[in-house]
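Per-entry structural report
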Amino acid sequence: MVCLGNICRSPLAEGILKSKLDSNKYIVESCGTSSYHIGSKPDKRSIDIGRKYNIDITDQRAAQFSINDFKTYDYIYAMDNSNYQNIVKLTDNETHANKVKLILEELHPNSNLDVPDPYYGGEQGFEDVFQMLDEACYQIVLKLEKIH
């Protein structure tokens, strides 16, 4: 799960997907394409909205996306088109680039929709983002269950 700073959207996406999957079978992590917040906890508003839905993301710390992540992960979900482009620019390996998807493509194929960044908005923005990510993560779980 990848967004810009790894403090709002991607930590929520990580927490939501982890809550829906067997941790013995899957590794779910998040990071950002920037180095702005490395080592920081998720934004308090992301922590609060997760807590509202019984998802604890307080142990997460912001990290930056690395070219090694292409080898480590089978699926890389970008929260928006800008971060998608930043990720795929890091590789000229088609197999690696094909691992990267916009997370909302799971709900709306071929739509190129962004998960809006709630950072500068109010609490409703975090609620809206949570609901989008929850629906997308549910679809990811259904896809993984078919594959595995």
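Just above sits the structure.
One structure accompanies this document, and this report is about it.

Here is what the cut-offs are and how they apply
- Residues numbered from 1 in each chain as written.
- Predicted model: local features only at pLDDT ≥ 70, side-chain atom pairs only at ≥ 80, totals over all residues.
- Heavy atoms only, no water.
- Axes fitted to C-alpha atoms, helices over the stretch in contact; angles between N-to-C directions.
- Helix = DSSP H or I, 4+ residues; strand = E, 2+ residues; numbered from the N terminus.
- Parallel < 35°, antiparallel > 145°, perpendicular 65-115°, else oblique.
- Left-handed = near helix turned anticlockwise from the far one by under 90°.
- Contact = heavy atoms within 4.5 Å.
- Nonpolar A, V, L, I, M, F, W, Y, C, P; charged D, E, K, R; others polar.
- Buried < 20%, exposed > 50% of the residue type's maximum accessible area, 1.4 Å probe, protein only.
- Polar contact = N/O pair within 3.5 Å; in protein donor to acceptor, adjacent residues only side chain to side chain.
- Expected span 1.5 Å × (residues − 1).
- Phe/Tyr/Trp six-rings, centres within 6.5 Å; stacked < 30°, edge-to-face > 60°.
- Lys NZ or Arg CZ within 6 Å of the ring centre and 35° of its normal.
- Core = buried A, V, L, I, M, F, W, Y, C linked by side-chain atoms within 4.5 Å.

A few words now on the packing of helix 2 (residues 44–52) against helix 6 (residues 123–147). It is at 10 Å that the axes of helix 2 and helix 6 come closest, and there the two elements cross at 55 degrees. By the angle between their axes, helix 2 is oblique relative to helix 6. In the crossing of helix 2 with helix 6, the sense of the turn from one axis to the other is right-handed. Between helix 2, through R45, S46, I49 and K52, and helix 6, the contact on the second element is made entirely by F126, E127 and F130. For the contact of helix 2 with helix 6, the class distribution of residues is three nonpolar, one polar and three charged.

Next up on the list: helix 2. Here helix 2 has its buried residues at S46, I47, I49 and G50. Structurally, helix 2 contributes buried residues whose contacts are with helix 1 (9–20) and helix 6. Looking at where helix 2 begins, the residue whose side-chain oxygen comes 2.8 Å from the main-chain nitrogen of R45 is D43. Backbone geometry just after helix 2 places N54 at a positive phi near 60 degrees.

The periodicity of an α-helix, 3.6 residues per turn, causes residues three or four places apart in sequence to face the same way. Look at helix 6: 36 Å from first C-alpha to last across 25 residues, which is about the 36 Å you get at 1.5 Å a residue. The set of residues buried in helix 6 consists of F126, E127, V129, F130, L133, A136, C137, I140, V141 and L144. Its buried side turned inward, helix 6 meets helix 1, helix 2 and strand 3 (76–78).

Time to look at the packing of aromatic side chains. Considering all chains together, one arrives at three aromatic pairs under this definition. Centre to centre, the rings of Y53 and F130 are 4.3 Å apart; their planes meet at 10 degrees, and the pair counts as stacked. Residue Y53 is located in the loop between helix 2 and helix 3 (69–72), and its partner F130 is located in helix 6; the two are separated by 77 residues in the primary sequence. Judged by its relative accessible area of 30%, Y53 is partly exposed. When the centroid spacing of 4.8 Å and the interplanar angle of 85 degrees are considered together, the rings of Y119 and Y120 count as edge-to-face. The ring of Y119 is capped by R45, whose NZ or CZ atom sits 5.4 Å from the centre of that ring.

Looking now at the environment of G50. Secondary-structure assignment places G50 in helix 2. For G50, a relative accessible area of 0% puts it in the buried group. For the pair G50 and Q60, spaced 10 residues apart in sequence, the C-alpha separation works out to 12 Å. Discounting residues that sit within four places of it in the chain, G50 has contacts with L12 and I55.

Among the nonpolar cores identified, the biggest contains 29 residues, and M1, L17, M79, I103 and L133 are the most heavily contacted of them. Among the elements that take part in this core, helix 6 stands out by supplying nine residues, more than any other. When near neighbours in sequence (up to four residues on either side) are disregarded, M79 contacts M1, V2, C3, R9, S10, A13, I103, D114, V115 and L133. Ranked by size, the runner-up nonpolar core spans 12 residues in total, among them F70, I76, A78 and V100.

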